[in-house]
Amino acid sequence: MATSMVKKDLNWADLGFKYRQTEARFSAIYKNGAWSTGALLDSPMISVHEGAPTLHYAQQCFEGMKAQTSPDGRVLLFRPDLNSERMNQTAARLLMPEVPYELFLRGVEETVRANYSWVPPYGSGASLYIRPMLIGVGENLGLRPANEYEFRVFVSPVGPYYKSAGLAVISLAVSDYDRAAPNGTGAYKAGANYAGGLLATKKAQELGANEALYLDAAKRTYIDEAGSANIIVAMKGNRFVTPKSNAILPSVTRRSIMTLAEQHLNMQVEDRPIDLRKEIGDFEEMAACGTAAVLAPVGKVWLDGAWHHFHDNGQSVGPVMQKVYDLLVGIQRGESPDENHWTHVVKID
Ligand code: PLP
Ligand code: COI
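Basis of the calculations
Residues numbered from 1 in each chain as written. Chains lettered and ligands numbered in written order. Predicted model: local features only at pLDDT ≥ 70, side-chain atom pairs only at ≥ 80, totals over all residues. Heavy atoms only, no water. Near = heavy atom within 4 Å. Polar contact = N/O pair within 3.5 Å; in protein donor to acceptor, adjacent residues only side chain to side chain. Areas by Shrake-Rupley, 256 points an atom, 1.4 Å probe, with all protein chains shown as cover. Nonpolar A, V, L, I, M, F, W, Y, C, P; charged D, E, K, R; others polar. Domains from an automatic or database assignment. Helix = DSSP H or I, 4+ residues; strand = E, 2+ residues; numbered from the N terminus. Buried < 20%, exposed > 50% of the residue type's maximum accessible area, 1.4 Å probe, protein only. Contact = heavy atoms within 4.5 Å. Buried area = accessible area lost by both parts, 1.4 Å probe. Salt bridge = Lys/Arg side-chain N within 4 Å of Asp/Glu carboxyl O. 1 Å grid on protein atoms, 1.4 Å probe; cavity = no way out; pocket = protein on both sides within 12 Å on 5 of 7 lines; lining within 4 Å. Sits in = over half its atoms within 2 Å of the grid points. Axes fitted to C-alpha atoms, helices over the stretch in contact; angles between N-to-C directions. Parallel < 35°, antiparallel > 145°, perpendicular 65-115°, else oblique. Left-handed = near helix turned anticlockwise from the far one by under 90°.

Caption draft 1: Structural detail: the site of ligand 2. Near ligand 2 you find F62, G64, Y129, R131, Y161, K189, S228, T291 and A292, and these make up its full shell. At 2.8 Å, a side-chain N or O of K189 approaches an oxygen atom of ligand 2. Here an oxygen atom of ligand 2 and a backbone polar atom of A292 are 2.8 Å apart. Coverage of ligand 2 by the protein chains reaches 88% of its 290 Å² of free accessible surface. Per-class residue counts for the shell around ligand 2 are four nonpolar, three polar and two charged. Each of domain 1 (12–158) and domain 2 (170–332) contributes no fewer than three residues to the shell around ligand 2.

Next comes the structure, spelled out in structure tokens:
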């Protein structure tokens with residue numbers, strides 16, 4: 001498949017977060033205990049057997065990554081090794097075969113390269129969202145793992161997840177539903193976790209929030225995470241805190257932010273359970289973070305029938321989150337020195 005170097009004629013500043021069909025996607029098949037080499041395909045359609053375990057028992061998982069254009073025109077991935085590692089942790093939890101890093105990265109790179117014309121240009125504020133997925137296919141009826149799997153990667157150019165502007169302030173509503181049990185699948189990127197969250201998101205949106213905020217399922221006391229992002233908090237006493245929980249997704253963005261906070265913020269950095277009701281009065285700034293969300297300042301939280309406001313009454317991003325955003329995005333876009341060697345260049349030709 002020839003790579004077109006001519007960028008698509010899109011309004012890059014106004015893409016939203018939605019699926020746009022591009023020319024190529026990558027697919028590899030696991031059969032008889034081995035992966036095929038994999039190849040690029042034209043069609044966005046997947047044909048699976050009606051008995052496929054991905055359809056009945058949600059034996060599937062996915063990842064989310066982004067490619068961005070740097071000021072000098074390079075196409076950068078951000079820490080793809082961590083997405084591969086997490087996909088394999090999820091695969092192990094759901095009794096699916098590991099996708100070797102070589103196959104994972106090749107699938108991602110080939111898909112990005114073949115869709116170069118869809119990679120948003122530098123300065124547009126948009127990025128190419130990358131969705132690797134692993135699904136249990138083949139024929140099965142009883143509750144047991146599939147004997148065939150498809151690893152697929154597709155891409156779509158996207159703008160910010162929550163709103164149209166880069167650092168729009170969002171709101172979260174504490175959910176009456178639980179996202180994940182303490183020893184369940186919350187720490188894995190299993191699609192089933194998200195199906196269970198759709199109703200919680202709807203309820204949160206009915207309250208005027210962008211999405212749900214989940215507390216720990218065992219005690220309904222400690223912050224777990226938002227529906228599609230982890231949480232970070234700047235607290236009184238010059239503390240930068242993220243909730244520790246074994247039921248949340250180990251976010252690549254949050255782990256990177258915590259490292260940057262240690263390296264660049266003159267604050268005490270803590271990874272520990274956060275008792276929402278006891279500590280919310282100490283919150284100065286709160287944010288949701290993730291690949292799609294990037295870093296979204298949380299202006300207010302709905303808890304026990306009332307809104308709790310943070311920095312500037314939720315009008316604007318606070319100074320700590322602005323700094324963290326600039327540090328993170330500067331590296332992801334190749335604007336600042338990448339001292340931790342997190343970016344990975346996709347060779348285009
Ligand atoms: N938590 C959930 C439930 C998510 O879906 C995501 C998105 O991937 C995240 C957190 C953030 O993770 P990451 O930063 O690796 O994208
Ligand atoms: C991501 O941030 O990559 C995700 O997978 C979240 C998803 C709900 C869009």
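Caption draft 2: Highlighting the environment of P53. Within the fold, P53 resides in helix α1 (residues 53–56). P53 sits in the buried class, given a relative accessible area of 1%. For the pair formed by P53 and L141, sequence separation is 88 residues and the distance between their alpha carbons is 7.7 Å.

Caption draft 3: Region of interest: the domain arrangement of the protein chain. What the domain assignment lists for the protein chain is domain 1 (12–158) and domain 2 (170–332). Computed from C-alpha atoms alone, the centre-to-centre distance between domain 1 and domain 2 is 26 Å. Taken together, the 22 residues of domain 1 in the interface contact 21 residues of domain 2. Looking at the side of domain 1 facing domain 2, the largest losses of area belong to F78, R86 and R93, adding up to 35% of the total buried there. The tally of links between domain 1 and domain 2 comes to zero salt bridges.

Caption draft 4: The site of ligand 1, seen in detail. Residues in contact with ligand 1 amount to 16 residues; listed here are only the nearest, Y194, E225, S251, T253 and T291. T253 is positioned such that a nitrogen or oxygen atom in its side chain is 2.5 Å from an oxygen atom of ligand 1. If you map ligand 1 onto the pockets, it falls in the largest pocket. Listing elements by their share of the shell around ligand 1, those giving two or more residues are α6 (252–264) and β15 (283–290). Residue classes in the shell around ligand 1 are distributed as five nonpolar, seven polar and four charged.

Caption draft 5: Geometry of the packing of helix α2 (residues 80–93) against helix α3 (residues 101–114). Closest axis-to-axis distance for the α2/α3 pair is 10 Å, and the angle between their directions is 125°. Considered as vectors, α2 and α3 are oriented oblique to each other. Relative to α3, the crossing made by α2 is right-handed. Only Y101, F104 and L105 of α3 make contact with α2, whose side of the interface consists of P80, D81, N83, S84 and M87. Here the contact of α2 with α3 is composed, by residue class, of five nonpolar, two polar and one charged.

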